[in-house]
Each structure stands twice: as structure tokens, then as C-alpha cells.
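# Architecture and fold: a report
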Amino acid sequence: MRDLVIIGAGPAGMTAAVYAARKKIDPVLFTNTIGGLAAWSVGIENYMGYSLISGPELMSKFEDQVREFSIPIELKSVEKVTREDRVFTVHIEGGEQVQAKSVIMATGRSPRRLEVPGEKEFVGRGVTYCATCDAPLFAKMDVAVIGGGNAALGTIEQLLKIASKVYSVSIVGWSADPILQERVQHAENVEIYKGYDIVSIEGQVFVERLRIRSKKTEEEIELPVRGVFIEIGSEPNSGIVADLVELNDRQEIKVDCGDRTSIEGLFAAGDVTDIPGKQIIVAAGEGAKAALSAYDYLIRLSD
């Protein structure tokens, strides 16, 4: 039986692993991917110690530090977590089960979908949720970015140097940091549509156009694009413990100031929780707190 299972290897999960190892806890880390959404960031300017660093580079440094402690990182998908008689069972895809005295949920978030005609059909053929991964594929093409937050405007800023033209489409307007808005709104190759619903994504084999509708006039406009970058936020990956812990109305795991959940011995950290401020530096700090809380719990358990 493991002292601690950590689920997720983003900033929260990997920080929790290092803090746990320093406390001689014996953690194991299960994850689908290393880095989480943080690894999708093209440029991070607000992580202390780095004036500018890419998401993949920063997450690589996190991973290196985890591996320095010989913490096992297993690329396996967790289907659910159950608890009986103070023992947790982590159910792995394929039937494997791992028992643990404590668990830290650090599963982060997944991109939210538009749920419009053509979106699912054209994933990988013009529709994308990762500018860091796919932006170079759209060199000298016209593209659209859906959304008005930091992620959307950061994607636009990246694409301005790659694409011929970038259409910015947002349902209600921009909510991104003012510094990002200033960088984007005066660019020569950006065209801005605020207050538009997405009607459909259309094409033959690949994306050829995006159809949008004005919320004010109901006028429909057809944008000739080869790529559609969807940046409308994300949803917490809390499903594997949804039947076990208390969630809020946004399906985020509710935690206290020590990252304790409603179930004793189960902790949660990072973007999957109801902690405000979905930032890399915040997630890392919460991961540290969760590991320290898990340590305190395990000490009391042994006593």
C-alpha cells in the first residue's frame, strides 16, 4: 500500500510530489500527460524567477526536479477513486488497482468545447485547442481565434506573427489583461468581432469558413479561414472523484485553506479546485500545501 498517490502531473501535482518526497512519504504519480495545460503556454511572463519562459520549458524543469527524487511517474489513466475503511483504491484503466493511505487530486482542467456543428468533425483538420502545438501549421493562412480571455488573446498574439490574418471572435467581449489587449488591438493583421455567437464551422475535408452571428443585429457573417483556435476556457477534471467528494456548482473540488476536501485523507490542489486564480504559480503553491497537509494526516494516522 502506498502512503500517497498523486493524480495529475501539472504544476500542482509535480510540486506536491517534490514536497512529499522531501517529507519521506513515498509518493507515486499517475497522469495522462506531463505538464497539463501549462505545457500549452507559448510564453509565461509571470512565474517568479523567469522574465519569460515557454510552458514546455518550465514544465520540463518541473519534471526534472521530480525525477531527481526518483519519484515514479506512471503514464496511466485513472478511472475513479473509491474509499473503504480509511483506505483509498485508485482504479487504473485496464483493471489495475492501487491502494493508498492518502490521495492528492491535481488533475487540472480540460479545454471547453463550443458544441457547434462542425467542431467535432474538423478536430485535427483545422479545429484546434492548442496554439503552442498547432500554430506553425497555419503559416500564411487566415485563422480565427474564439474567446476573449488571456488564453485567447495570447493565442492571437502568437498567431499574428505566423498567420496572414487573424479574426478575433468573442461572444461578449474581451476580459484579458489590459497589457494583452493593448498588444493585440492595434495589430495590422487582426480583425475584431465582439458580441458574436458561433453558428458553425464548415468545409469539405478541412476547415474552409467560420459562420458567426451578431448578438445585436442577428446578422450572419462568413469568415474565410483555414484554422479555428478555440480558447473559451476550461472545465475541471473532477469526474473521477465526483461521487466521493463535495463539488461546487462549477464541478470544482471544494477545499479548505489546507487543500483538504470533504473526505479525510483526500486532498486536492491546482485548477481542479475552487481556489480562485487559475495561475501556474498559484497551482504550484497549492500543490505544496496539499503535500504538507497529506504529511500531517499521515503522521496522525500512524499515531
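Structure's up top.
The following refers to the structure shown. Treat the numbers as computed from the prediction; the structure is a model and nothing was measured. (Residues numbered from 1 in each chain as written. Predicted model: local features only at pLDDT ≥ 70, side-chain atom pairs only at ≥ 80, totals over all residues. Heavy atoms only, no water.)

### A few points about the environment of Ala12
Filter applied, for reference: Each helix corresponds to a stretch of at least 4 residues labelled H or I by DSSP, and each strand to a stretch of at least 2 residues labelled E; elements are numbered beginning at the N terminus. Contact between two residues is taken to exist if any of their heavy atoms lie within 4.5 Å; hydrogens are not considered.
With respect to the helices and strands, Ala12 occurs in helix H1 (residues 11–22). Separated by 270 residues in the primary sequence, Ala12 and Val282 place their C-alpha atoms 8.4 Å from one another. Beyond its immediate chain neighbours, meaning those up to four positions away, Ala12 contacts Ala106, Ala269, Gly270, Ala283, Ala284 and Gly287.

### So, the packing of aromatic side chains
Convention followed: The criterion for an aromatic pair is that two Phe, Tyr or Trp rings (for Trp, the six-membered ring) have centres within 6.5 Å, with stacked assigned to planes under 30 degrees apart, edge-to-face to planes over 60 apart and tilted to the rest. Residue burial is assigned from relative accessible area. The probe radius is 1.4 Å, only protein chains are included, and a residue is buried under 20% of its type maximum, exposed over 50%, and partly exposed in between. A ring is scored as having a charge over it whenever the NZ atom of a lysine or the CZ atom of an arginine sits within 6 Å of its centre and within 35 degrees of its normal.
For the structure on display, the rule yields 5 aromatic pairs. A ring pair is formed by Phe138 and Phe229, whose centres lie 5.2 Å apart and whose planes are at 70 degrees; its orientation type is edge-to-face. Of this pair, Phe138 sits in the loop between helix H3 (131–134) and strand E9 (142–146) while Phe229 sits in strand E15 (residues 227–230); the two residues are 91 residues apart in sequence, bridging distant segments of the chain. With respect to class, Phe138 is no different from Phe229; both count as buried. Three or more aromatic residues joined by ring pairs form one cluster here, namely Tyr167, Tyr193 and Tyr196. The aromatic ring of Tyr129 is capped on one face by Arg113, whose charged end is 4.2 Å from the ring centroid.

### A few points about unusual backbone geometry
Among all residues except glycine, the phi angle is most often negative; among peptide bonds, the trans geometry is most common. The phi dihedral of Arg86 is positive, around 65 degrees, even though this residue is not glycine. Position of Arg86 among the secondary structure elements: in the loop between strand E4 (78–84) and strand E5 (87–92). Take Arg86: its relative accessible area is 41%, and that puts it in the partly exposed class. For Glu218, which is not glycine, the phi dihedral falls at a positive 70 degrees. Within the secondary structure layout, Glu218 lies in the loop between strand E13 (207–214) and strand E14 (220–223).

### Things to note about the sheet that holds E14
Quick reminder of the rule: Strands were regarded as paired on the criterion that DSSP finds at least two bridges between them. For helices, the axis comes from a line fit to the C-alpha atoms of the stretch in contact; other axes are also lines fit to C-alpha atoms, and the angle between any two N-to-C directions lies between 0 and 180 degrees.
Spatially, the 3 strands line up as an open sheet ordered E12-E13-E14, and their pairing is antiparallel. Strands with a single pairing partner mark the edges of an open sheet, and in this sheet they are strand E12 (196–203) and E14. Taken over all neighbouring pairs, the strand axes of this sheet differ in orientation by 25 degrees on average, direction set aside.

### Some remarks on the nonpolar core
How we decide: Working definition of a nonpolar core: buried Ala, Val, Leu, Ile, Met, Phe, Trp, Tyr and Cys residues. They are joined through side-chain atoms within 4.5 Å.
Ranked by size, the top nonpolar core spans 35 residues in total, and within it Leu58, Met59 and Ile104 carry the most contacts. Contributing elements (two or more residues each) for this core: strand E1 (2–9), H1, helix H2 (55–68) and helix H6 (280–302). Ignoring any residue separated from it by four or fewer positions in sequence, one finds Ile104 in contact with Leu4, Val5, Ile6, Ile7, Ala16, Phe267, Ala290, Ala291 and Ala294. Counting 24 residues, the second-largest nonpolar core is a separate cluster that includes Val5, Val78, Val98 and Val103.

### A closer look at the sheet that holds strand E11 (residues 190–194)
Overall, parallel pairing links the 5 strands, which are arranged E8-E15-E9-E10-E11 in an open sheet. At either margin of the open sheet sits one strand with a lone partner, and together these are strand E8 (127–128) and E11. Across 4 bridges, E9 lies against E15 in parallel orientation. Along E15, the bridge assignment pairs Val143 with Gly227. Relative to the sheet, helix H4 (residues 150–159) contacts E9, strand E10 (165–170), E11 and E15, its axis offset from that of E9 by approximately 165 degrees.

### Looking at the pairing of E11
Inspection of the sheet shows E10 paired to E11 by 5 bridges, in the parallel sense. Bridge assignment links Ser168 to a residue of E11, and that residue is Ile192.

### As for helix H5 (residues 178–185)
As a reminder, the rule being used: Note that the arc is computed from the directions linking the helix axis to the C-beta atoms.
Taken as a whole, H5 has its buried residues at Leu180, Gln181 and Val184. Within H5, the buried residues cover an arc of 100 degrees as seen down the axis, which keeps them to one side. H5 presents Pro178 and Glu182 as exposed residues on the side facing more than 90 degrees away from its buried surface. Its buried side turned inward, H5 meets H4 and E11.

### A few points about the side chain of Asp259
Formally: Just so you know, the count uses Lys and Arg for positive and Asp and Glu for negative, and it drops His and the chain ends. By salt bridge we mean one thing: a side-chain nitrogen of Lys or Arg within 4 Å of a carboxyl oxygen of Asp or Glu.
Within the secondary structure, Asp259 is located in the loop between strand E16 (234–236) and strand E17 (266–268). Buried charged residue Asp259 carries no salt bridge. Nearest counter-charge: Lys289, at 4.5 Å. Every residue in contact with Asp259, bar those within four places of it in the chain, is listed here: Phe267, Ala268, Ala269, Ile275, Glu286, Lys289 and Ala290.

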